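Per-entry structural report
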Amino acid sequence: MAGSVFVNIPDPQVEALVDLAAIAHNVRILAEHAGDAAIMVVVKADGYNHGAVEVARAALAAGAREVGTTTAAEAVALRAAGIEAPILCWLNTSDTDFAPAVAADIEIGVSARAQLESVAAAARKLGRRATVSVKVDTGLNRNGVLPAEFPDLLDLLHDLVTEGIVRFRALFSHLALADEPDHPVNNMQRERFLEFIATAKEHGLEPELVHLANSAAALTRPDLAFDMVRPGIAVYGLSPIPEISDFGLRPAMTFRARVLRVKHVAAGEGVSYGHQWIAEHDTTVALIPAGYADGVPRTLGGRFSVWLGGARRPGIGRICMDQLVVDLGDNAAGVREGDTAILFGGEPDQPHAQEWAETLDTINYEIVCGPRGRVRRTHLGGDR
Ligand SMILES: *Cc1c(COP(=O)(O)O)cnc(C)c1O
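All values reported here derive from a predicted model rather than from experimental measurement.

Further remarks concern the site of the ligand. Around the ligand, a shell composed of 13 residues is seen, among which Lys44, Tyr48, Ser215, Ile233 and Tyr365 lie nearest. Take Trp90: an N or O atom from its side chain is 3.5 Å from an oxygen atom of the ligand. The contact in question runs from a nitrogen atom of the ligand to an N or O atom on the side chain of Arg230, over 2.9 Å. When its residues are assigned to classes, the shell around the ligand shows 6 nonpolar, 4 polar and 3 charged.

Let's shift gears to the domain arrangement of the protein. If you check the domain split of the protein, you get domain 1 (20-236) and domain 2 (253-380). One C-alpha centre belongs to domain 1, the other to domain 2; they are set 39 Å apart. The interface of domain 1 with domain 2 comprises 9 residues on the first partner and 10 residues on the second. On the domain 1 side of the interface with domain 2, the three residues burying the most area are Asn49, His50 and Ile233, jointly 58% of the side's total. A salt bridge links Arg377 to Asp46; the shortest N-O distance between them is 3.0 Å. Counting across the interface, domain 1 meets domain 2 through 6 residue pairs in polar contact (both at pLDDT 80 or more).

A word on the sheet that holds strand β2 (residues 38-42). Working definition: the strands of a sheet are paired by backbone hydrogen bonds and lie parallel or antiparallel to each other. Read once around its circumference, the closed barrel built from 8 strands follows the order β2-β3-β4-β5-β6-β7-β8-β9, with strand pairing classed as parallel. With 2 bridges connecting them, strand β8 (residues 209-213) and strand β9 (residues 228-229) associate as parallel partners. Residue pairing for β9: His211 is matched across the bridge by Met228.

Quick look at the packing of aromatic side chains now. Using the criterion set out here, one finds 8 aromatic pairs in the structure. Residues Tyr48 and Tyr236 carry aromatic rings whose centres are separated by 4.6 Å and whose planes lie at 20° to one another, so their mutual orientation is stacked. Taken together, the positions of Tyr48 in helix α2 (residues 44-49) and Tyr236 in the loop between β9 and β10 (253-258) put the pair 188 residues apart, joining distant regions of the chain. Classification of Tyr48 as buried rests on a relative accessible area of 7%. Taken together through their ring pairs, the aromatic side chains of Tyr48, Tyr236 and Tyr365 make up a single cluster.

We now examine a negative patch on the surface. On the surface, Asp179, Glu180, Glu243 and Glu358 cluster together into a patch of negative charge. Tracing the chain through its elements places Glu358 in helix α10 (residues 353-359). On the basis of relative accessible area, Glu358 is assigned to the exposed category, the value being 56%.

Analysis parameters
- Residues numbered from 1 in each chain as written.
- Predicted model: local features only at pLDDT ≥ 70, side-chain atom pairs only at ≥ 80, totals over all residues.
- Heavy atoms only, no water.
- Near = heavy atom within 4 Å.
- Polar contact = N/O pair within 3.5 Å; in protein donor to acceptor, adjacent residues only side chain to side chain.
- Nonpolar A, V, L, I, M, F, W, Y, C, P; charged D, E, K, R; others polar.
- Domains from an automatic or database assignment.
- Contact = heavy atoms within 4.5 Å.
- Buried area = accessible area lost by both parts, 1.4 Å probe.
- Salt bridge = Lys/Arg side-chain N within 4 Å of Asp/Glu carboxyl O.
- Pairing = 2+ DSSP bridges.
- Helix = DSSP H or I, 4+ residues; strand = E, 2+ residues; numbered from the N terminus.
- Phe/Tyr/Trp six-rings, centres within 6.5 Å; stacked < 30°, edge-to-face > 60°.
- Buried < 20%, exposed > 50% of the residue type's maximum accessible area, 1.4 Å probe, protein only.
- Patch = residues over 30% accessible without salt bridge, like charges linked within 9 Å, V, L, I, M, F, W, Y side chains within 5 Å.
- Areas by Shrake-Rupley, 256 points an atom, 1.4 Å probe, with all protein chains shown as cover.
- Lys, Arg positive; Asp, Glu negative; His and termini not counted.
- Charge placed at Lys NZ, Arg CZ, Asp CG, Glu CD.

Here is the structure:
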């Protein structure tokens, strides 16, 4: 329409489509496994790159009770976006200014005395009680409190609770081998966790709740569920233990791009940098405007296919910064500029994030964290 301020905005060239109905479905699957335990949806790293706010809202609407993040800043951003459920963060340097988190009623997971001192300082400054949980190291040997450090931390915590500076909420820990459900280390961590709980009680500190299980344990080890499970990857519809099962989960992210050009390539011609691929016979190729800057790893070159024109189309030649090429053969399907290619998604026949993970010798977690930069993220469905 002449003079209209409205323009026809086409679909983005490259897009990560996040289906919030899949998030809700996956939370319901987890709830079936969790029994009486509550669900904390883990939305660290911007919801495993799916959008922390949108995922948290969808998961809470589907029955999750609490929200977990890594940093205090991530937690405060969720609160600022209007999430009212309990939010826990658990990985912060002791020089973090915890005042914004205390002011926003964020539960702060501490794993060292210096962190607790810093939280207490923020609470004093604000004249407001801080909610603290303690992360204990039961065998992962990353950031929990070690048994030898625990009594000292408990003494300080006890003083702060008595003083009214701190509310002690939970004791929690993280598993090292949950993706091997029968591994004896899981049992060892459970035993150590029970010892930590007993020690806290001996110091007069009774946690309101205790929690240990990530996705893998939530789906396979009901005996480790305690009061709450903390699933991340399963909420996003990817299996924490693909060798065992997909557990009926539905991948929430579809990574897709629109065909920018379809062209003829004559027999003997090379395609893309280095001519790593040479046409054996006359063929048709499609140029897809997604490359390693968008989260398509260059090392995937020649080892993947996309879903396009109703079939898998093999990627050919090198993946570049901004583009990749697939072979359409005689293009009997009539693929045209503007058609959508699925790089990975959730429907049967489509390439799956797990497939990329196996090809690249990594895990599906890293694959969904890939799309970035120019990729436009769009949310579908759910209660927004
Ligand atoms: C990331 C994380 C989780 C979730 O792990 P998944 O394997 O994605 O389910 C749970 N707890 C803690 C402490 C974490 O860091």
